[in-house]
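# Close look at the chain arrangement
Residue-level listing of the chains:
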Amino acid sequence: MTKWLSLLRRPSMAVAVLVFVALGVVWAVTAARAGAQQTTDERVYAIASQLQCPVCNGESVADAPSAVAQEMRSVIREKIGEGWSDQRILDYFHQRYGDTILETPPARGFTAIIWLGPLLMLLAGAFIVWSAAREWNRRATAAEAVPARVATAGSNGHSRTTRAALSDDERRRYLAELRRELDLDEPASATASEEASR
């Protein structure tokens, strides 16, 4: 539990959690609105917004001011009055105009890529977040397991690493190396002191 809390303290994980929470809230609000009872005008607008205007460039039937779009909206209102479902009305226009009439093309053939693209991106993002969290967790565990190390530089320029808690054998070995290095430095320092006394 504490590992998860420490992961949530990282800024990137906090952002990822906030994004998932925001997506959940948006989905819940959308589902609640979809379940609510709609008036006829709301249904006409909802259905018309799923259809492309055949004579307008990039406008839906709900927003287009053309005479064709107005006629299509009146047909939608008429079909709702007859008790048709939203999907049946959409199918009615789809049979007459083809795939191009739909704002959201059906998920078949080449258009399936349009549907699968966002899903694949979401799965890739979730995998990246999961692998990053696993790596952070692994590094945190490794940092706790490895004893503290202190790097010291020897006189010969090589870096030596000693553990914070040394055994007696290791301590003796390091002391012997230190004495050897000090013995190597003594003749040079003695010569320097002799020259300074002269």
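Everything discussed here concerns the structure shown above.
Here the structure is a predicted model, which means the values were calculated and not measured. (Residues numbered from 1 in each chain as written. Predicted model: local features only at pLDDT ≥ 70, side-chain atom pairs only at ≥ 80, totals over all residues. Heavy atoms only, no water.)

A word on helix H3 (residues 40-48). The set of residues buried in H3 consists of Arg43, Val44, Ile47 and Ala48. Buried positions in H3, seen along its axis, are confined to an arc of 125 degrees and lie on one side of it. Lining the buried residues of H3 we find helix H4 (67-81) and helix H5 (86-97). (Buried < 20%, exposed > 50% of the residue type's maximum accessible area, 1.4 Å probe, protein only. Helix = DSSP H or I, 4+ residues; strand = E, 2+ residues; numbered from the N terminus. Arc of directions from axis to C-beta. Contact = heavy atoms within 4.5 Å.)

We now examine the nonpolar core. Soluble globular proteins tend to bury their nonpolar side chains together. By size, the foremost hydrophobic cluster in this structure holds 21 residues, and its most contacted members are Leu51, Ile76, Ile89 and Phe93. The leading source of residues in this core is H4, at five residues. If we skip the residues at most four places from it in the chain, phenylalanine 93 touches Leu51, Met72, Val75, Ile76, Gly98 and Ile101. (Core = buried A, V, L, I, M, F, W, Y, C linked by side-chain atoms within 4.5 Å.)

Tallying each qualifying case throughout the model produces three aromatic pairs. Ring plane angle 85 degrees and centroid distance 5.2 Å describe the contact between tyrosine 92 and phenylalanine 93, whose orientation is recorded as edge-to-face. Relative to tryptophan 130, the ring of phenylalanine 127 has its centre 5.9 Å away and its plane inclined at 40 degrees; by these criteria the two rings are tilted. Of this pair, phenylalanine 127 and tryptophan 130 both sit in helix H6 (residues 112-145), three residues apart, which is roughly one turn of that helix. Residue tryptophan 130 is classed as partly exposed on the basis of its relative accessible area of 48%. An aromatic cluster is present here, built from Trp84, Tyr92 and Phe93 joined pairwise through their rings. Geometry around tryptophan 84 places lysine 79 over its ring, the cationic atom sitting 4.3 Å from the centre. If you follow arginine 88 out to its NZ or CZ, it ends over the ring of tryptophan 84, 3.8 Å from the centre. (Phe/Tyr/Trp six-rings, centres within 6.5 Å; stacked < 30°, edge-to-face > 60°. Lys NZ or Arg CZ within 6 Å of the ring centre and 35° of its normal.)

Here we come to the packing of H3 against H4. Running from N to C, H3 and H4 point in directions that differ by 125 degrees, and their axes come no closer than 10 Å. Of the possible angle classes, the one that applies to H3 and H4 is oblique. As H3 runs across H4, the sense of the crossing is right-handed. On H4, the residues that touch Thr40, Asp41, Arg43, Val44, Ile47 and Ala48 of H3 are Arg73, Ile76, Arg77 and Ile80. (Axes fitted to C-alpha atoms, helices over the stretch in contact; angles between N-to-C directions. Parallel < 35°, antiparallel > 145°, perpendicular 65-115°, else oblique. Left-handed = near helix turned anticlockwise from the far one by under 90°.)

Attention shifts here to the environment of threonine 40. Along the chain, the position of threonine 40 falls in helix H3. Judged by its relative accessible area of 38%, threonine 40 is partly exposed. Between the C-alpha atom of threonine 40 and that of isoleucine 76, which follows or precedes it by 36 residues, the distance is 9.9 Å. Threonine 40 has contacts with Arg77 and Ile80, leaving out every residue within four places of it along the chain.

Where nonpolar side chains cluster on the molecular surface, the patch consists of Val15, Val19, Phe20, Leu23, Leu116, Leu119, Leu120, Leu122 and Leu123 and spans about 850 Å² of accessible area. Ranked by residue count, the leading element in the nonpolar patch is H6, at five residues. (Patch = residues over 30% accessible without salt bridge, like charges linked within 9 Å, V, L, I, M, F, W, Y side chains within 5 Å. Areas by Shrake-Rupley, 256 points an atom, 1.4 Å probe, with all protein chains shown as cover. Salt bridge = Lys/Arg side-chain N within 4 Å of Asp/Glu carboxyl O.)

With respect to the helices and strands, serine 74 occurs in helix H4. Using a relative accessible area of 35% as the deciding quantity, one classes serine 74 as partly exposed. A C-alpha to C-alpha distance of 8.6 Å links serine 74 and valine 44, two positions 30 residues apart in sequence.

Our next topic: the pattern of salt bridges. A full pass over the atoms with the stated rule returns five salt bridges. A salt bridge links aspartate 41 to arginine 77; its shortest N-O distance comes to 2.9 Å. Remark: arginine 77 occurs in helix H4 and aspartate 41 occurs in helix H3; sequence separation between them is 36 residues. Of the residues examined, aspartate 41 reaches a relative accessible area of 48% and is grouped as partly exposed. Using a relative accessible area of 39% as the deciding quantity, one classes arginine 77 as partly exposed.

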